[in-house]
2 protein chains.
Amino acid sequence: MEMRAVNSMSYEQFVDVFGNVIEKCPLIAAAVWTDHPFSNLSALEKSIGDFIDSLPRSGKEGILRCHPDLAGRDLLRGTLSPESQGEQNRAGLTSLTPGQRSQLSELNVSYKSRFNFPFVICVRMNDRETIIQQLSSRIRNIPEQELHISIQEVKKICHLRLLDISSQVAQATKL
Amino acid sequence: MEMRAVNSMSYEQFVDVFGNVIEKCPLIAAAVWTDHPFSNLSALEKSIGDFIDSLPRSGKEGILRCHPDLAGRDLLRGTLSPESQGEQNRAGLTSLTPGQRSQLSELNVSYKSRFNFPFVICVRMNDRETIIQQLSSRIRNIPEQELHISIQEVKKICHLRLLDISSQVAQATKL
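This one's a predicted model, so the numbers in the text were calculated from it and none came from an experiment.

## A look at the overall build of chain A
Next up, step 1: Looking only at helices and strands, chain A has 10 helices and 0 strands in total.
Next up, step 2: In chain A, the succession of α and β elements from N to C terminus is α-α-α-α-α-α-α-α-α-α.
Next up, step 3: Here the C-alpha radius of gyration of chain A, 17 Å, is about what a compact globule of 175 residues would show, namely 16 Å.
Next up, step 4: For chain A, the C-alpha atoms occupy an extent of roughly 50 × 35 × 25 Å along the three principal directions.
Next up, step 5: Here chain A, with 175 residues, has 33% of them falling under the buried criterion.

Structure below.
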């Protein structure tokens, strides 16, 4: 990645570009801007990870609660973030069979009532079958373990979103 | 405030209602939901304040960087949050004289270049004259002191937004 372009961004530009690498949490991009300049993309990713790890448990739960349900309310209403919309599309969550849709919907309800946050998974590393499998399996975890796994998934989503932005920035700086 | 209505909200409802009491930081409302039920509005406000205080310095700066400039880019583009739009309107920031507008704009630039976050003030407790006065004066603070003052202002804005929501919830539960 062309880090000079990133490191020369004002905080406003930085938040415009990186504000949603953690879903609906521009606060996190805005916070890690403090650590710039970044030597490379991994250094930026590490800053984000470290910031998340520094949060109290409620803060980590808060990050998860800013995520939409998979194939849920926001997908139906068309109010997903552009990033989530693309990710849920590609994973086939917009073309579920009626059976899969009702299974996922019921599992989402049970999961949220057990953990008090939504099921978060890096859908780009899965398809609709493995997503339903994972949800059915992870719902049996203990809360501590499940919080940890979910935050790891948030970091995977962030990693792929950073790569996307990286190639966009690389293209833009070539123009 | 009718806290039963608040305490019976799902986290989704809670974030829908309280997500912007800290400007563009739904993460914070989503995090403090962990502390519910709240005995009263002050208890909710205290949870928010405690969460902010628990953040590392970069996190506090991140909160400030999620705030728009006063009479800045977002006001011109019409992309302010509804809360900020109302607050900046009432403070007279949408009807500045040309002289005031260019003075504020120049001060904003100097302030941001000194502190790396925007000037944040509870505009509802001020008018355009005192806002410009405060900005001219606070720009001379040392960064540590200015970060502290700014976070106090964030909490004042939050206090007033909570009161607004409180009266809306009270009216809605009467219906």
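What follows continues from the structure just given.
## Here we look at the domain arrangement of chain A
All names here are of chain A.
Next up, step 1: By domain assignment, chain A separates into domain 1 (3-62 + 157-174) and domain 2 (69-150).
Next up, step 2: On a C-alpha basis, the centres of domain 1 and domain 2 stand 24 Å from each other.
Next up, step 3: In terms of residue class, the side of domain 1 that touches domain 2 is built from 2 nonpolar, 1 polar and 5 charged.

## Description of the environment of aspartate 53 of chain B
Next up, step 1: Of note, aspartate 53 of chain B is situated in helix α4 (residues 41-54).
Next up, step 2: Accessibility expressed as a C-beta count within 10 Å gives 10 for aspartate 53 of chain B, which makes it exposed.

## Some points on the relation of the copies chain B and chain A
Next up, step 1: Expressed as a screw operation, the relation of chain B to chain A combines 0.0 Å of axial shift with a rotation of 180°, fitting to an RMSD of 0.0 Å. The superposition of one copy onto the other is thereby described by a two-fold rotation axis.
Next up, step 2: Taken as a fraction of all interface residues of chain B, those also at the interface in chain A reach 100%, which identifies the copy contact as same-surface.

## Re the interface of chain B and chain A
Next up, step 1: Facing 24 residues of chain B, the contacting portion of chain A comprises 24 residues.
Next up, step 2: Of the residues contributing to the side of chain B that touches chain A, the split by class is 14 nonpolar, 6 polar and 4 charged.

## A closer look at helix α10 (residues 143-174) of chain A
Next up, step 1: The end-to-end C-alpha distance of α10 of chain A is 47 Å, a good match for the 46 Å that 32 residues give at a rise of 1.5 Å each.
Next up, step 2: What α10 of chain A keeps buried is the set Glu146, Ser150, Glu153, Val154, Ile157 and Cys158 of chain A.

## So, helix α8 (residues 98-115) of chain A
Next up, step 1: The first and last C-alpha atoms of α8 of chain A sit 26 Å apart over 18 residues, in line with the 26 Å expected at 1.5 Å per residue.
Next up, step 2: Two residues or fewer past α8 of chain A, asparagine 116 of chain A is found with a positive phi of approximately 65°.

## Concerning the nonpolar core
Next up, step 1: Of all hydrophobic cores here, the largest spans 70 residues; its most connected members are Leu27, Ile28 and Ala29 of chain A together with Leu27, Ile28 and Ala29 of chain B.
Next up, step 2: Alanine 29 of chain B has contacts with Phe14, Val15, Phe18, Gly19 and Val21 of chain B, leaving out every residue within four places of it along the chain.

## What about the confidence of the model for chain A?
Next up, step 1: Residues of chain A with pLDDT of at least 70 account for 99%, and the chain-wide mean is 94.
Next up, step 2: Interface scoring of the predicted complex returns ipTM 0.95; its pTM is 0.95.

## What to know about the packing of helix α5 (residues 57-65) of chain B against helix α10 (residues 143-174) of chain B
Residues and elements named next belong to chain B.
Next up, step 1: Interhelical geometry of α5 versus α10 gives an angle of 55° and a closest axis separation of 10 Å. The angle between α5 and α10 places the two elements in the oblique class. By crossing handedness, the relation of α5 to α10 is classed as left-handed. Between α5 and α10, the residues in contact are Lys60, Glu61, Ile63 and Leu64 and Leu147, Ser150, Ile151 and Val154, respectively.

## Description of the environment of glutamine 103 of chain A
Residue and element names in this part refer to chain A.
Next up, step 1: Along the chain, glutamine 103 falls in helix α8.
Next up, step 2: Taking the number of C-beta atoms within 10 Å as the measure of exposure, glutamine 103 has 15 and is therefore partly exposed.
Next up, step 3: The spacing of glutamine 103 and serine 54 is 49 residues in sequence and 35 Å in space, taken between C-alpha atoms.

## Let's talk about unusual backbone geometry
Next up, step 1: Between histidine 36 of chain A and proline 37 of chain A the backbone carries a cis peptide bond, its omega angle lying at 5°.
Next up, step 2: Mapped onto the elements of the fold, proline 37 of chain A is located in the loop between α3 (26-32) and α4 (41-54).
Next up, step 3: Look at asparagine 116 of chain A: it is not a glycine, yet its phi comes out positive at around 65°.
Next up, step 4: Among the structural elements, asparagine 116 of chain A can be located in the loop between α8 and α9 (128-138).
Next up, step 5: One non-glycine residue, alanine 71 of chain B, adopts positive backbone phi at about 55°.
Next up, step 6: Since 24 C-beta atoms lie within 10 Å of it, alanine 71 of chain B is described here as buried.

What counts and what doesn't
- Residues numbered from 1 in each chain as written.
- Chains lettered and ligands numbered in written order.
- Predicted model: local features only at pLDDT ≥ 70, side-chain atom pairs only at ≥ 80, totals over all residues.
- Helix = DSSP H or I, 4+ residues; strand = E, 2+ residues; numbered from the N terminus.
- Rg over C-alpha atoms; globule rule 2.2 N^0.38 Å.
- Buried ≥ 20, exposed ≤ 12 C-beta atoms within 10 Å, placed from the backbone.
- Domains from an automatic or database assignment.
- Nonpolar A, V, L, I, M, F, W, Y, C, P; charged D, E, K, R; others polar.
- Least-squares fit on C-alpha atoms with pLDDT ≥ 70 in both.
- Contact = placed C-beta atoms within 7 Å.
- Expected span 1.5 Å × (residues − 1).
- Core = buried A, V, L, I, M, F, W, Y, C linked by C-beta atoms within 7 Å.
- pLDDT = per-residue confidence, 0-100.
- Axes fitted to C-alpha atoms, helices over the stretch in contact; angles between N-to-C directions.
- Parallel < 35°, antiparallel > 145°, perpendicular 65-115°, else oblique.
- Left-handed = near helix turned anticlockwise from the far one by under 90°.

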